[in-house]
Amino acid sequence: MVQADREPRRNATDGAPPLSHIVPSLAQLEALIAVTDHGTHTAAADVLRISQPSLSRRIRSLEKALGTRLLVPVGRRTELTDAGRGVVAAGRRALAEMGSIEALVGSARALTSGSLRVGGLPSLVATELPARLGRFHRAHPGVRLEVSTVEDADALVEAVRVGRVDAAVGVIDRVPEDLAAIPLPAQEFAAVLAEDSRADGDDEPLTGEDVAARSFVTLPRGTSMRQLADAALQSLDARPAQRITTTQRDSLVPLAVAVDGLTIVPAALARTAPAFGGRVVPLREAVQRSIGIVHRPDELPNPALAGFLALVRAAYVGAGDA
C-alpha cells in the first residue's frame, strides 16, 4: 500500500527568528509594560512622552521578534496573553537591573564608588605615591583603592598596558607611544652615612674618601636606583671598599648605618636616616630621575582614574607656579 507524502506539520512560530537571536530593546519592553500598567495605548504613550503610533510600532516589533502575540484587545482595554505576562515579568527585572547599572555608573562618575588600582616601582610607591593617593582618598573616600608594586620598568609598562593597574608611578625617560605620562617633580638622591662618621656641623657633600673607606649598600644591577647610585660613585671617581647587595629597598638605610657604610637613595628615603642613627649627606653633583604617573590614554577612562589624574595634574601645575 502506497501512502501519499504528508506535508510536514508547521509550528505556529515557524518563520520566527531563533529565540537565542532575540534581543528585545529596553524601549520595546518599556512600551509593553506601560500599556500593561496604564491600560491603553493612549495613556501609555502619554506617560512615555511619545506618540501613540510610535508606541504601537514598538510593541508590534517586539511581537514580531518574539513570534507571538503579547497583547489582545478586550473591549476598550488590552490584556496580556500568557506569553505577554512572562515577557512583562522578565522586562520589569531587566529595567530594574538597568536602573541599578545606571545608578552604579552615576555613583562612579560622581566618585562616590568604584575602584582605582595604582602600581609602581617600590621606592616610588613608598615615597611619591602616599601623599597623592592620600589627597584623592580624603576627597573621595567611597572609591576603593588597591596599591601594588612591580620590580622594573618593563613590568610597569606591561601592568599598565594589559590593565592590571589603572596607572603606575615610575621612571618616564622612555614611555612607549601607546601609553601616556604625567610628569612629577624630579626625584632627588642623597647619600646616607652613620651619624658618627663626621664631626657635628660637617655638611660637606659626599667625597671620594667617604666612599673608599666604607662598604656600599645597594640594590642589584638592573634597577633604576642602582644605576643612579653607580653614576654618583663614578662622578667621584671612587670605589667602595666592599659592596653589600640587598633586594629590600627598606633595608638600604638601616643596613648602611649598621655596618658603618654608605648608601645612595632617593632623598625621601635618606631623610629616615636619623631614626637609625645616620645622617643625610648631599651629593657633589645632583643625581635625579624623571618620574611620573603612567597610564593608558583611554577615550573613556575609569572615572576614578580620571579624577586621580586630574588631581595629580592640578597639584603639579600648582607646584610649578609656587
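The structure contained in this document is the topic of the report that follows.

Rules behind the numbers
Residues numbered from 1 in each chain as written. Predicted model: local features only at pLDDT ≥ 70, side-chain atom pairs only at ≥ 80, totals over all residues. Heavy atoms only, no water. Core = buried A, V, L, I, M, F, W, Y, C linked by side-chain atoms within 4.5 Å. Buried < 20%, exposed > 50% of the residue type's maximum accessible area, 1.4 Å probe, protein only. Helix = DSSP H or I, 4+ residues; strand = E, 2+ residues; numbered from the N terminus. Contact = heavy atoms within 4.5 Å. Pairing = 2+ DSSP bridges. Axes fitted to C-alpha atoms, helices over the stretch in contact; angles between N-to-C directions. Parallel < 35°, antiparallel > 145°, perpendicular 65-115°, else oblique. Nonpolar A, V, L, I, M, F, W, Y, C, P; charged D, E, K, R; others polar. Salt bridge = Lys/Arg side-chain N within 4 Å of Asp/Glu carboxyl O.

1. Here we look at the nonpolar core
The biggest cluster of nonpolar side chains holds 32 residues, and the ones touching the most others in it are Leu116, Leu129, Phe136, Leu156, Val169, Ile293 and Phe308. Within the residue set of this core, elements represented by two or more residues are strand 3 (115–120), helix 5 (122–127), helix 6 (129–139), helix 7 (153–162), strand 5 (167–171), strand 13 (291–295) and helix 12 (303–321). Considering every element that reaches this core, the biggest residue donor is helix 12, with six residues. Residue contacts for Val169: discarding those within four places in its chain leaves Gly119, Gly120, Leu121, Leu124, Val125, Glu128, Leu129, Leu156, Leu184, Gly292 and Ile293.

2. Comments concerning the sheet that holds strand 6 (residues 180–183)
The strand order across the open sheet formed by five strands is 4-3-5-13-6, and the pairing between neighbours is mixed. Among the strands making up the open sheet, the edge pair consists of strand 4 (144–147) and strand 6. Sheet twist, expressed as the mean angle between neighbouring strand axes with direction ignored, is 25°. Bridge count for strand 6 against strand 13 is four bridges, and the pairing is antiparallel. By the bridge assignment, Ile182 is partnered in strand 13 with Ile293. Against the sheet, helix 6 contacts strand 3, strand 4 and strand 5, and its axis sits at roughly 170° relative to strand 4.

3. Re the packing of helix 2 (residues 41–48) against helix 3 (residues 52–66)
In a packed pair of helices, the relevant descriptors are the angle between the two axes and the axis-to-axis distance. The geometry of helix 2 relative to helix 3 is characterised by a closest axis approach of 9 Å and an angle of 105° between their N-to-C directions. One way to sum up the angle between helix 2 and helix 3 is to call them roughly perpendicular. Where helix 2 abuts helix 3, its residues His41, Thr42, Ala44, Ala45 and Leu48 lie against Gln52, Leu55, Ser56 and Ile59. Of the residues belonging to the contact of helix 2 with helix 3, the class tally is five nonpolar, four polar and no charged.

4. With respect to the environment of Ile244
Residue position: Ile244 is located in strand 9 (residues 242–245). Residue Ile244 is classed as partly exposed on the basis of its relative accessible area of 23%. Separated by 25 residues in the primary sequence, Ile244 and Leu219 have C-alpha atoms spaced 8.4 Å apart. Residues within four places of Ile244 in sequence aside, it is in contact with Ser215, Phe216, Val217, Thr218, Leu255 and Val259.

5. A short note on the pattern of salt bridges
Tallied over the entire structure, the rule returns 16 salt bridges. Among the salt bridges present, the one from Arg85 reaches Asp82, with a minimum N-O distance of 2.1 Å. Taken together, the residues Arg85 and Asp82, both in helix 4 (residues 82–109) and three residues apart, mark about one turn of the helix. Taking the relative accessible area as the measure of exposure, Arg85 reaches 45% and is therefore partly exposed. Between Arg296 and Asp298 there is a salt bridge, with the nearest N and O atoms lying 3.6 Å from each other.

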